[in-house]
Amino acid sequence: MFSVAIDGPAGSGKSTIAKLLAKELNISYIDTGSMYRALAYKAAISDIDLENDLEIEELLKNTELSMDKEKIFIDGKDVSGLIRSEKISNLASKISKNKEVRKFLVDYQRKISKEKSVVMEGRDITTVVLPHANYKFFLDASVEERANRRYKQLLEKYGSADLEQVKEDLIKRDEADRTRENSPLKIADDAVVIDTSKESLDQTLARIIKIIRG
Ligand code: DC
């Protein structure tokens, strides 16, 4: 199977780029962040203590995760529209530190990539999930630019947002994602690094397509 792996911090443009790229290549788009978000959502509504390994293990044993196109289901329920809030962003970052959670999701992600060609994006796709992907990219942008993008997304979705709070949350979440013990966000030696701060998403996309098509 053919695979493109994309990593980067929140707001780097990786979701938008990965989605458009998958469309262009006519293969599946896999948003792995949504999987961490869906588990965080279930943990929150089940009142699970994210620091308690036993409670998390129990949650994983009793959870069925599935995806259909860009929708994500937990125990058969479509949670796609419920997992984009700042609260779930922060809980997803917390739950993603757990070793068992990572194993559960990495196994699931690898299984998908064996069944179909994918553009898969997240934090550890180029380094852990698909280290032998056909193409590997690391997208980044300045904190200001990333916070602005995230702010606009939240404003569009929820009608209100606080830019300073968004920026503060983003910095905290990045720090946690980059410094955690298990599969931290880092640049793979053989990934192409792209700074998306100063170019439009269309320009970045064109650059990536050129690399892939040669
Ligand atoms: O990409 P996102 O913002 O939807 O991801 C939410 C959180 O999930 C992020 O803060 C860290 C975690 N995550 C991860 O640890 N590994 C991935 N492959 C994808 C996301």
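Residues numbered from 1 in each chain as written. Predicted model: local features only at pLDDT ≥ 70, side-chain atom pairs only at ≥ 80, totals over all residues. Heavy atoms only, no water.

### Observations regarding the pattern of salt bridges
Summed over all chains, the structure comprises 17 salt bridges. Arg84 is the salt-bridge partner of Asp31, the closest N and O atoms lying 3.0 Å from each other. Here Asp31, found in strand 2 (residues 28-31), pairs with Arg84, found in the loop between strand 5 (77-78) and helix 4 (86-95); they are 53 residues apart in sequence, far enough to count as distant. Of the charged contacts, one joins Lys136 and Asp190 as a salt bridge, the two residues approaching to 2.9 Å between their closest N and O atoms. With Lys136 in strand 7 (residues 135-140) and Asp190 in the loop between helix 8 (163-179) and strand 8 (192-195), this residue pair connects regions lying 54 residues apart in the sequence. Using a relative accessible area of 8% as the deciding quantity, one classes Lys136 as buried. Among the charged side chains, a network of salt bridges with common partners joins Arg123, Asp177 and Arg180. (Salt bridge = Lys/Arg side-chain N within 4 Å of Asp/Glu carboxyl O. Helix = DSSP H or I, 4+ residues; strand = E, 2+ residues; numbered from the N terminus. Buried < 20%, exposed > 50% of the residue type's maximum accessible area, 1.4 Å probe, protein only.)

### Here's the deal with helix 1 (residues 14-25)
Residues that lie three or four places apart on an α-helix share one face, since the helix turns once every 3.6 residues. The end-to-end C-alpha distance of helix 1, which contains 12 residues, comes to 16 Å, matching closely the 16 Å that a straight helix rising 1.5 Å per residue would cover. Of all the positions in helix 1, only Lys14, Ile17, Ala18, Leu21, Ala22 and Leu25 are classed as buried. End-on view of helix 1: buried residues confined to an arc of 130°, all on one side of the axis. Among the structural elements, strand 1 (3-7), strand 2, strand 6 (118-122), strand 7 and helix 9 (201-213) are those in contact with the buried residues of helix 1. (Expected span 1.5 Å × (residues − 1). Arc of directions from axis to C-beta. Contact = heavy atoms within 4.5 Å.)

### What to know about the packing of aromatic side chains
Within a pair of aromatic rings, the relevant descriptors are the distance that separates the centres and the angle that separates the planes. Taken as a whole and judged by the stated rule, the model has 1 aromatic pair. Directly above the ring of Tyr158 sits Lys157, whose terminal nitrogen or CZ lies 5.7 Å from the centroid. (Phe/Tyr/Trp six-rings, centres within 6.5 Å; stacked < 30°, edge-to-face > 60°. Lys NZ or Arg CZ within 6 Å of the ring centre and 35° of its normal.)

### Examining the site of the ligand
Around the ligand lies a shell of 16 residues, among which Arg37, Arg123, Asp124, Asp177 and Arg180 are the nearest. The contact in question runs from a nitrogen atom of the ligand to an N or O atom on the side chain of Asp124, over 2.8 Å. Protein contacts shield 97% of the accessible area of the ligand, which totals 450 Å² for the unbound molecule. Placement of the ligand is best described as lying within the largest pocket. When residues of the shell around the ligand are traced back to their parent elements, those giving at least two are helix 2 (33-45), helix 4 and helix 8. Residue contributions to the shell around the ligand peak at 3 residues, all from helix 2. In terms of residue class, the shell around the ligand is built from 3 nonpolar, 5 polar and 8 charged. (Near = heavy atom within 4 Å. Polar contact = N/O pair within 3.5 Å; in protein donor to acceptor, adjacent residues only side chain to side chain. Areas by Shrake-Rupley, 256 points an atom, 1.4 Å probe, with all protein chains shown as cover. 1 Å grid on protein atoms, 1.4 Å probe; cavity = no way out; pocket = protein on both sides within 12 Å on 5 of 7 lines; lining within 4 Å. Sits in = over half its atoms within 2 Å of the grid points. Nonpolar A, V, L, I, M, F, W, Y, C, P; charged D, E, K, R; others polar.)

### Concerning the side chain of Asp177
Within the element layout of this structure, Asp177 appears in helix 8. Setting aside chain neighbours within four positions, we find Asp177 in contact with Ser93, Ser96, Arg123, Pro184 and Leu185.

### Observations concerning the packing of helix 1 against helix 9
Put simply, helix 1 and helix 9 touch, their axes get as near as 10 Å, and they point 45° apart. Between helix 1 and helix 9, the angle is such that the two are oblique. At the point where helix 1 passes helix 9, the crossing takes the right-handed sense. Here Thr16, Ile17, Leu20, Leu21, Glu24 and Leu25 of helix 1 lie close against helix 9, whose contacting residues are Leu201, Thr204, Leu205, Ile208, Ile209, Ile212 and Arg213. A class-by-class count of the residues in the contact of helix 1 with helix 9 yields 9 nonpolar, 2 polar and 2 charged. (Axes fitted to C-alpha atoms, helices over the stretch in contact; angles between N-to-C directions. Parallel < 35°, antiparallel > 145°, perpendicular 65-115°, else oblique. Left-handed = near helix turned anticlockwise from the far one by under 90°.)

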